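Structure assessment
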There are 2 protein chains.
Amino acid sequence: MHEKWMRMALNEAQKSRGLTSPNPNVGAVIVKQGEILGRGVHRKAGLPHGEREAIADALTRHSADELRGSTIYVTLEPCSTQGRTPACVQGILEMGISSVVYGAVDPNPEHAGRADGILQAQGVEVTAGVLAEQCEYEHRGFFKRMRSGRPWVIAKSAMSLDGKITRPAGEGQWLTGAEARAEVQNIRCESDAIITGGNTVRADDPALTLRGENVPAGKIQPWRVVMTRSDARFLPNSAKLFNDEFSDRTLVYQNESPASVLKQLAEMDCNVVMLECGGVLLGEFVKAGLVDECVFFYAPMICGGSKDGVGDGDMQLANSLHMKNPQWSQLGNDLMVRGEVNC
Amino acid sequence: MHEKWMRMALNEAQKSRGLTSPNPNVGAVIVKQGEILGRGVHRKAGLPHGEREAIADALTRHSADELRGSTIYVTLEPCSTQGRTPACVQGILEMGISSVVYGAVDPNPEHAGRADGILQAQGVEVTAGVLAEQCEYEHRGFFKRMRSGRPWVIAKSAMSLDGKITRPAGEGQWLTGAEARAEVQNIRCESDAIITGGNTVRADDPALTLRGENVPAGKIQPWRVVMTRSDARFLPNSAKLFNDEFSDRTLVYQNESPASVLKQLAEMDCNVVMLECGGVLLGEFVKAGLVDECVFFYAPMICGGSKDGVGDGDMQLANSLHMKNPQWSQLGNDLMVRGEVNC
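Residues numbered from 1 in each chain as written. Chains lettered and ligands numbered in written order. Predicted model: local features only at pLDDT ≥ 70, side-chain atom pairs only at ≥ 80, totals over all residues. Heavy atoms only, no water.

1. Things to note about the overall build of chain A
Selection criterion: Put simply, DSSP marks the helices as runs of H or I at least four residues long and the strands as runs of E at least two long, and each gets a number from the N terminus on. The contact definition used throughout considers only heavy atoms, calling two residues in contact when any of these lie within 4.5 Å. Using the Shrake-Rupley algorithm and a 1.4 Å probe, accessible areas are obtained, with residue cover drawn only from the displayed protein chains. Charged residues are defined narrowly, with Lys and Arg counted positive, Asp and Glu counted negative, and His plus the chain ends left uncounted. Charged groups are reduced to one reference atom each: NZ for lysine, CZ for arginine, CG for aspartic acid, CD for glutamic acid.
In terms of regular secondary structure, chain A is built from twelve helices and 14 strands. Dimensions along the principal axes, computed over C-alpha positions, put chain A at roughly 70 × 40 × 40 Å. Across chain A, the fraction of contacts at a sequence separation of at least 24, relative to all contacts at a separation of at least 6, is 75%. Counting every atom, chain A has about 14,400 Å² of accessible surface; 47% of that belongs to carbon and sulfur. Treating the 36 positive side-chain charges of chain A as one cloud and the 42 negative ones as another, the clouds have centres 2 Å apart.

2. Regarding the nonpolar core
Here is the rule: In plain words, nonpolar cores are sets of buried Ala, Val, Leu, Ile, Met, Phe, Trp, Tyr and Cys residues tied together by side-chain atoms within 4.5 Å. The rule is simple: take the accessible area with a 1.4 Å probe, protein chains only, and divide by the maximum for that residue type; under 20% is buried, over 50% is exposed, in between is partly exposed.
In terms of nonpolar packing, the biggest core is built from 74 residues, with Ile 195 of chain A together with Ile 195 of chain B touching the most fellow members. Other than its neighbours up to four places away in sequence, Ile 195 of chain A contacts Val 225, Met 227, Val 261, Leu 262, Leu 265, Val 273, Met 274, Leu 275, Glu 276, Cys 277, Leu 281 and Phe 285 of chain A.

3. Here we look at helix H2 (residues 50-59) of chain A
The α-helix winds at 3.6 residues per turn, so residues separated by three or four positions along the chain end up facing the same way. Turning to H2 of chain A, its buried residues are Gly 50, Glu 51, Glu 53, Ala 54, Ile 55 and Ala 58 of chain A. Tucked into the core, H2 of chain A has its buried residues touching strand E1 (27-32), strand E2 (35-41), helix H3 (64-67), strand E3 (71-76) and helix H4 (88-94) of chain A.

4. Here's the deal with the pairing of strand E5 (residues 125-128) of chain B
Residues and elements named next belong to chain B. We apply this condition: One requirement defines pairing of two strands: DSSP has to find at least two bridges between them. A clockwise path from the first strand over the helix to the second, with the strands pointing away from the viewer, defines a right-handed crossover.
Both strand E4 (residues 99-104) and E5 contribute to a ladder of four bridges, which runs parallel. Across the sheet, Tyr 102 pairs through a bridge with Ala 128, a residue of E5. Handedness of the E4-helix H5 (residues 114-121)-E5 crossover: right-handed.

5. Considerations on the relation of the copies chain B and chain A
To be explicit about the condition: The copies were overlaid with a least-squares fit restricted to C-alpha atoms from residues scoring a pLDDT of at least 70 in each copy.
Overlaying chain B on chain A yields an RMSD of 0.0 Å, the required transformation being a rotation through 180° with an accompanying axial translation of 0.0 Å. Classification of the inter-copy transformation places it as that of a two-fold axis. Closest to the rotation axis within chain B is the C-alpha of Gly 163 of chain B, separated from it by 2.3 Å. Mapped onto chain A, 100% of the interface residues of chain B are again interface residues, and the two copies thus contact each other with one and the same surface.

6. Digging into the UniProt feature "binding site: Zn(2+)" (unreviewed entry) in chain A
Residues and elements named next belong to chain A. The following threshold applies: UniProt positions are given in the numbering used here, feature names are shortened, and annotations may be inferred rather than shown by experiment.
In the numbering used here, UniProt assigns the "binding site: Zn(2+)" (unreviewed entry) feature to His 49, Cys 79 and Cys 88. Spatial clustering of the annotated residues is evident: they stretch over 40 residues in sequence, but the largest pairwise C-alpha distance comes to 8.9 Å. Turning to its location among the elements, His 49 is positioned in the loop between E2 and H2. Leave out the neighbours within four places in its chain, and His 49 touches Asn 23, His 42, Cys 79, Thr 85 and Cys 88. Within the fold, Cys 88 resides in helix H4. Ignoring any residue separated from it by four or fewer positions in sequence, one finds Cys 88 in contact with His 49, Glu 51, Arg 52, Pro 78 and Cys 79.

7. A few points about the environment of Leu 67 of chain A
All names here are of chain A. Along the polypeptide, Leu 67 turns up in helix H3. On the basis of relative accessibility, which here comes to 0%, the residue Leu 67 falls in the buried class. Distance in space between the C-alpha atoms of Leu 67 and Gly 96 is 7.0 Å, their sequence separation being 29 residues. The residues contacting Leu 67, other than those within four sequence positions of it, are Leu 37, Ile 55, Ala 58, Leu 59, His 62, Met 95, Gly 96 and Ile 97.

8. A closer look at the interface of chain B and chain A
What counts, and what does not: Summed over both partners, the accessible area (1.4 Å probe) lost when two parts come together is defined as the buried area. A pair is scored as a salt bridge if a Lys or Arg side-chain nitrogen falls within 4 Å of a carboxyl oxygen belonging to Asp or Glu. Distance and chemistry together define a polar contact, namely a pair of N or O atoms within 3.5 Å, with one atom able to donate a hydrogen and the other to accept it when in protein, and with adjacent residues in sequence counting only for side-chain atoms on both sides.
Contacts between the two partners involve 38 residues from chain B and, on the opposite side, 38 residues from chain A. In total, chain B and chain A occlude about 3,100 Å² of area from one another, counting both sides; carbon and sulfur atoms represent 59% of this. The three residues of chain B that bury the most area against chain A are Leu 161, Ile 302 and Trp 328 of chain B, which together make up 24% of that side's buried surface. Inspection of the chain B/chain A interface yields two salt bridges. Inspection of the region where chain B meets chain A yields 14 residue pairs in polar contact (both at pLDDT 80 or more). Mapped by element, the contributors of at least two residues to the side of chain B that touches chain A are strand E11 (293-299), strand E12 (301-302), strand E13 (321-331) and strand E14 (334-341) of chain B.

Here it is as structure tokens:
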């Protein structure tokens, strides 16, 4: 039964994917005698946490008395310290909630499990680690940043069957079809920053904006990060990134390592960063062990040419990167594989 | 209804995939009043054609009288000329079969549709072109050879997600898992010859033999064809291809073009040829427009290195090759895409 309700808390969490950085998109459900009293999700940094949202939701339909003796399911250990908002454990105790079930343990080793003691001291039953892996995965950007000081990095590439990213001259720029490109938009919505390379800016002039029907309300334009080896003055002034309505969301890093750029983005509250760049820059992230997840699209064509999707045509790796539990799916005529990679 | 019975004839045909070259694996079903009287498939060159097999099968359970007035469904237009066996139209007429439904038209333009006239002149009803596309696809090797003097070419490759075919040093040779490798065996069983390159012989010493439980009875070892640019004497004497029990099924072509090798294989009755070679040789077939179908496997890893699955790292194509109706399927942790390509 715990897992069933935790899955509902995870469903709540999904509603805020990409919206809450630097915070995790914690979801919560309050249950009493098999009935859901309230549900909620953290919507944005500075607004109430998921637990508070669920309590507030419950109180719109139920009296405070009815909440007494209920169980709250939370995807992450409730916070035990005052941040921008009051500690959630206090809110839980104030409402007389008698049982707390949470998924992932706070990634901060100084806080990990601290909620348990505070709650148990007040007679609240605590069950930790229900669907812990799924919950941690849902909050993987937050966990990654808390543990390593770097964001979770999703590498996206769209390749031909032969692993190339350009088509023969005169055939146009796109390899993949509309369904695959729509999915790219969904990944952008999960991201706090999108990294591209100077060469891509020069060759493709991408906008890297959020488009389509699936952009959630409240999603702000991810940072658009240009990494360039050449003098930044050689980037075209006319590029969309420097001229459109989101030009204040464009950053240029010149001659900085992938690790350095990621560290700075983490300091700017980015939990999840997406790579949308050519193979050379993507290969640098791969070689540096900085890619956490890959989303690769394959178009059913053989294109040839010298532009690899990953690497520079002779990328040397000491060990291959393996994708855990690859999820293959067909999108129109294209194929998508997505999964976490070891690094 | 025609399509339902033709599908059963196609099912018969599939039983002889890869077994009948230079002939097509024609399947047939004899139906009367909604009941199947007999079914059959051509089993091997020199043995009776599918129509004759179906008639013989019917006669094991039914009298010749019962066959009169029946309908025969055949995947290919019945032959109208005496070959190694008597013409099938004669057999059909002799049995008093009153209706012939066939799929694909004889690819020989001098024969195409000739059965219709012969049968109709004797009062037999003829319906041509039922599931014609599927039937022609089932017999595509035969059609290709009849029309072009070259076999149907299936290019197989197993790549990493970044389109490479070697793993970092010390990691071993295999990219894909057992399920994908078993599927490769199935494709070998559909083939009359397997082409590899001298470099592959030197690097991997492949056996290119048929293994596993799915090898059909009667399947003979496909030719193992080594294409090499260097002097054939530089191929290792110790290679399995020259020493195992099938060494008489190994051919070496030195400094011959893909088109020339394919022409010679067609003259040796090969309908279907499979490429199991490195990217350089595969790329030569691609550039020459000689690949008809691709079966590519992708292992969920990023390997790097300079060995492309297709091409030499800078294969220039005037136009990309497109795969028609790509069929994606997951095999274990690997992915397979299979489909006909334009060429």
